[in-house]
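# Close look at the chain arrangement
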Amino acid sequence: MVIKKIIAGVLAGVTAFSLTACGAPRFTVNDAGEKVFNLKLGHNMAEDHTVHIVLSEFVENVREKSHGTINITIFPNGTLGSETDMIAQIQGQALDMAKVSASTLGNFSKLYNAYAVPYVFNDKEHYFGVMDSDIAKEVYESTETDGFRGLTWLDSGARSFYTVKKPIRKPEDLKGLKIRTMDSKMAIDMMKALGGSATVMGYSDIYTGLQQGVIDGAENNVTAMRDHGEVAHYYSYDEHTRIPDIIVMSEKIWDEMSDEQREIMNECARDASQEYIGKWAEFENKVVDKAKNEFGVEFVTDVDKAAFQKACKPIYDALKTEQPEVYNIVEKIQNFKVQKQVEI
């Protein structure tokens, strides 16, 4: 009996070592024979941001529903590095989960680039429907061989143009303007199609760039006016893209979980996505109210979206021939029909 205990102890030690190799937390086994996971989740937002608040609720829900067999610790404020850094850590088994933009994930799977195609979504309801569909699941699973998978999505609003000197109501209004974009080929191609000039710079440089005239405007969701409303006087709702944030997790961890634990993760993730929709809308409304009343920002709604859509058609034509796998997802998105709820 003593020898068996010694052997069991040695085996447990070997197992624990193998499961924590490369600095990655794996799991222990409790007295009931259940795997107990202690995971790390990183994101780059502050603790008072809606992202952190909803993720904190997600973590608590997972812990409760798993009866303590899945425990997640959040590392906010970009303490674990950039989004790309965090994905690399997941691949190296030093991190388990992260909140990243679909734009960042486009560097790992081209399918994520479908979300960045201008006007691929008809409207907010179409966007929500697609993100809750099998189309999103197909995209989530496209990075399995890269060591991680998508778990769920978080709304990050519609991106529109905001400018210093004049509103943008039609594509011609962008002619000659230098507009800050993300470091993304799709964003740069969009600006070219619309007649503006794309200027790539970091988010932290936008305020000074607008103030000093280095750029004439930028494009982002409306919450950017919390940071730039003092120097950008017009926000024009052309709503050219809706690029979601994605919660990703280690494929290795996912494979180690039981079917019941995976279902708990999926259920809590879906709940978090739905909860976030309302909280994000509240966040946007607060920002708009402050930008109007404290900064004097004019929010422009009479925008000719049809003209913007027409101007972006060459992007679709190029995508069809150059990236057919991405175009296939784009077609699926555009053909997706939102199910109308019928009241009885």
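The rules behind each value
For every chain, the first residue of the written sequence is number 1, and numbering continues from 1 along that sequence. Totals for whole chains, interfaces and linings use every residue, but because this is a predicted model, local features are given only for residues with pLDDT of at least 70 and side-chain atom pairs only at 80 or more, for both listing and counting. Excluded from the side-chain calculations are hydrogens and water; all other atoms, namely the structure's heavy atoms, are used. Strands here are runs of E lasting at least two residues and helices are runs of H or I lasting at least four, both read from the DSSP assignment and numbered beginning at the N terminus. Within these notes, the globule rule equals 2.2 Å times the number of residues to the 0.38 power, and the radius of gyration is based on C-alpha atoms. Only protein chains enter the calculation, and the probe is 1.4 Å; a residue is then buried if its accessible area is under 20% of its type maximum, exposed if over 50%, and partly exposed in between. It only takes one pair of heavy atoms within 4.5 Å for two residues to be counted as in contact. Accessibility throughout is a Shrake-Rupley quantity obtained with a 1.4 Å probe, and a residue counts as covered only by protein chains that appear here. Under the convention used here, Asp and Glu are negative, Lys and Arg are positive, and both His and the chain ends fall outside the count. Just so you know, the charge point we use is NZ for Lys, CZ for Arg, CG for Asp and CD for Glu. At least two bridges found by DSSP between two strands are what make those strands a pair. Note on geometry: axes are C-alpha line fits, over the in-contact stretch for helices, and angles between N-to-C directions span 0 to 180 degrees. The set of buried Ala, Val, Leu, Ile, Met, Phe, Trp, Tyr and Cys residues whose side-chain atoms join them within 4.5 Å is what this entry labels a nonpolar core. In this analysis, the expected span of each helix is defined as 1.5 Å times one less than the number of residues it contains. Salt bridges are defined as contacts in which a side-chain nitrogen from Lys or Arg sits within 4 Å of a carboxyl oxygen from Asp or Glu.

### Details of the overall build of the protein chain
When you go through the protein chain residue by residue, the secondary structure sums to 14 helices and twelve strands. Computed over the C-alpha atoms, the radius of gyration of the protein chain is 22 Å, within 12% of the 20 Å expected from 2.2 N^0.38 for a compact globule of 344 residues. Counting across all 344 residues of the protein chain, residues that qualify as buried make up 48%. A fraction of 73% describes how many contacts in the protein chain between residues 6 or more apart in sequence connect residues 24 or more apart. Element-wise, carbon and sulfur atoms account for 50% of the exposed surface of the protein chain, whose accessible area totals about 16800 Å². Of the side chains in the protein chain, 38 bear a positive and 52 a negative charge, and the two mean positions are spaced by 3 Å.

### Points about the sheet that holds strand β9 (residues 217-220)
With mixed pairing, six strands are arranged side by side in an open sheet as β8-β7-β9-β6-β10-β12. Each edge of the open sheet carries a strand with a single partner, namely β8 (197-200) and β12 (298-300). Between one strand axis and the next, the sheet turns by 30° as a mean value, whatever way the strands run. Pairing of strand β7 (residues 178-181) with β9, which is carried by two bridges, proceeds in the parallel orientation. If you follow Arg180 over to β9, its bridge partner there is Ala218.

### Digging into the nonpolar core
Soluble, globular proteins show a tendency: their nonpolar side chains are buried together. Ranked by internal contacts, the top residues of the largest apolar core, which has 54 residues, are Tyr115, Phe161, Ile246 and Ile333. Here this core takes five residues from helix α14 (residues 324-335), the largest share from any one element. If sequence neighbours within four positions are ignored, Ile333 has contacts with Ala114, Tyr115, Val120, Phe121, His126, Val130 and Ile135. Membership of the second largest hydrophobic core comes to 47 residues, among which are Leu39, Ile264, Ala291 and Val297.

### Comments concerning the environment of Ile206
Here Ile206 shows up in helix α8 (residues 206-212). Each C-alpha atom of the pair Ile206 and His228 lies 7.7 Å from the other, and the pair is 22 residues apart in sequence. Apart from residues lying up to four places away in sequence, Ile206 is in contact with Tyr162, Arg180, Met201, Ile215, Ala218 and His228.

### Considering helix α2 (residues 50-65)
An ideal rise of 1.5 Å per residue puts 22 Å on 16 residues; α2 measures up with 23 Å between its terminal C-alpha atoms. All of the buried residues along α2 are Thr50, Val51, His52, Val54, Leu55, Phe58, Val59 and Val62. For α2, the elements touching its buried residues are β2 (35-42), β3 (70-75), β4 (97-101), β5 (148-154), β11 (245-250) and α11 (259-295). Of the residues flanking the end of α2, it is His67, one or two places downstream, whose phi is positive at about 55°.

### Considering the pattern of salt bridges
Per the stated rule, a full pass over the model turns up 20 salt bridges. For Asp245, the salt bridge is made with Lys99, and the minimal N-O distance between the two is 3.5 Å. Note that Asp245 is positioned in strand β11 and Lys99 in strand β4, a separation of 146 residues in sequence. The residues Asp245 and Lys99 share a single accessibility class, namely buried. Within the structure, one salt-bridge network assembled from shared partners comprises Lys65, Glu267 and Asp271.

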